[in-house]
Amino acid sequence: MTLLGLTKYTKTILSPMTHIRNLLGNTGFAVANGHYRVGKAVPALKTLATDTPQSRAAYGRLLELGIVGDGVHAGEFRDVVNGVLGERDITAGESMNRVSDKRIAGWVRKGGKLAEKLYHAEDAVWKTYAFENEKARYQKAFPEWSEEQLDRHAAEIIHNTYPTYSMISRGLRAMRRVPLVGPFIAFPAEVARTAFHTMNYVKKELADPKTRRIGAERLAGIALAAS
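Remember, predicted model here, so these are calculated numbers, not experimental data.

## Re the overall build of the chain
Next, step 1: Per the secondary structure count, the chain includes twelve helices and zero strands.
Next, step 2: Expressed as a percentage of the 227 residues in the chain, the buried residues total 44%.
Next, step 3: Sequence-distant contacts in the chain: of pairs separated by 6 or more residues, those separated by 24 or more amount to 74%.
Next, step 4: With an accessible surface of roughly 11,900 Å², the chain has 64% of that area assigned to carbon and sulfur atoms.

See below:
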């Protein structure tokens, strides 16, 4: 478990490529869902990158809806640090304590706090962008819907079409403790789940005249992402 903890740690917050992957990894999901309204990146960035009463309120709403704070990569890292299913793993910090002096171990723990913040931000910016896209097109399709209806429906779509850590079964999360299986199985599992739901949304949306345009955008996005 010490070796497994060190391996996970070096493959996450000690890897610059991991942070680049986390930031760019949701591009495929955005394309597949037809989220091409790039102007929606502005309110997403304002919500996440500014500190105003409006942005704090908007971020609180996103937390309430489960849009932010539940990314796959952040969840994987959190379980490495805190344990899963009520059982503590040997954490990255403890692993470093076993093979290095206390000063280095202290740096590791400080780095872990910064890394988790980065992991959340790298995932949150894409999900917020996707949420704004879904709200915009469903507001056009159903102008009679209330803000609450739009928020809830858009949030449900994001949960089902973007990797979401809380949607992974307890069994799969437990399997990551087995070195032979591999510690990072959450993302591949979520790719399969979200692909199924994305196609299911296409089917439902194409069947309804009000959402046929949304379904066509999503279907075209799937084709583009797969090419």
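## Looking at helix α12 (residues 212-226)
Next, step 1: Here α12 is 15 residues long and its end C-alpha atoms lie 21 Å apart, about the 21 Å a rise of 1.5 Å per residue gives.
Next, step 2: Residues of α12 that are buried: I214, G215, E217, R218 and G221. Along the axis of α12, the buried residues cluster in a sector spanning 160 degrees; they form a single face. Summarising the geometry of α12, the exposed residues directed more than 90 degrees from the buried face are R213, L224 and A226.

## Topic: the packing of aromatic side chains
Next, step 1: Under the defined criterion, the tally for this structure stands at five aromatic pairs.
Next, step 2: An aromatic cluster is built from Y138, F142 and W145, whose rings are joined through pairwise contacts.
Next, step 3: Stacked on the ring of Y36, the Lys or Arg R37 has its end atom at 4.9 Å from the ring centre.

## Regarding the side chain of N33
Next, step 1: Assignment of secondary structure puts N33 in the loop between α3 (27-32) and α4 (41-49).
Next, step 2: A residue is classified by how much of its surface remains accessible, and N33, at 1% relative accessible area, is buried.
Next, step 3: Ignoring anything within four residues of it in the chain, the contact list for N33 reads R137, T161, Y162, T198 and R218.

## A short note on the nonpolar core
Next, step 1: By size, the foremost hydrophobic cluster in this structure holds 15 residues, and its most contacted members are I67, F131, I158 and Y162.
Next, step 2: At the level of elements, α3, α5 (53-65), α8 (102-141) and α9 (147-161) are the ones that each hand at least two residues to this core.
Next, step 3: For this core, the element with the most residues is α8, which contributes four residues.
Next, step 4: When residues no more than four places from it in sequence are discounted, the contact partners of Y162 are N26, F29, A30, N33, H35, W126, K127, A130, E190, R193 and T194.
Next, step 5: F142, L150, Y201 and I214 belong to the second largest nonpolar core, which has seven residues in total.

## Here's the deal with the packing of helix α11 (residues 186-207) against α12
Next, step 1: It is the contact of α11 with α12, at a shortest axis distance of 7 Å, that shows an interaxial angle of 145 degrees. As for the relative orientation of α11 and α12, their crossing is left-handed in sense. Contacts between α11 and α12 involve T198, M199, Y201, V202, E205, L206 and A207 from the first element and R212, I214, G215, A216, R218, L219 and I222 from the second.
Next, step 2: Grouping the constituent residues of the contact of α11 with α12 by class yields nine nonpolar, two polar and three charged.

## Some words on the confidence of the model for the chain
Next, step 1: The share of residues in the chain with pLDDT of 70 or more is 68%, and the mean pLDDT across the chain is 79.
Next, step 2: Ranking the elements of the chain by mean pLDDT puts helix α7 (residues 92-99) last, at 48, and α9 first, at 96.

## Quick look at the environment of W126
Next, step 1: Among the secondary structure elements, W126 is positioned in helix α8.
Next, step 2: Counting along the chain gives 59 residues from W126 to I67, while the straight-line C-alpha distance between them is 9.8 Å.
Next, step 3: With residues up to four places along the chain from it excluded, the contact list for W126 reads L23, L24, N26, T27, A30 and Y162.

Procedures and definitions
- Residues numbered from 1 in each chain as written.
- Predicted model: local features only at pLDDT ≥ 70, side-chain atom pairs only at ≥ 80, totals over all residues.
- Heavy atoms only, no water.
- Helix = DSSP H or I, 4+ residues; strand = E, 2+ residues; numbered from the N terminus.
- Buried < 20%, exposed > 50% of the residue type's maximum accessible area, 1.4 Å probe, protein only.
- Contact = heavy atoms within 4.5 Å.
- Areas by Shrake-Rupley, 256 points an atom, 1.4 Å probe, with all protein chains shown as cover.
- Expected span 1.5 Å × (residues − 1).
- Arc of directions from axis to C-beta.
- Phe/Tyr/Trp six-rings, centres within 6.5 Å; stacked < 30°, edge-to-face > 60°.
- Lys NZ or Arg CZ within 6 Å of the ring centre and 35° of its normal.
- Core = buried A, V, L, I, M, F, W, Y, C linked by side-chain atoms within 4.5 Å.
- Axes fitted to C-alpha atoms, helices over the stretch in contact; angles between N-to-C directions.
- Left-handed = near helix turned anticlockwise from the far one by under 90°.
- Nonpolar A, V, L, I, M, F, W, Y, C, P; charged D, E, K, R; others polar.
- pLDDT = per-residue confidence, 0-100.

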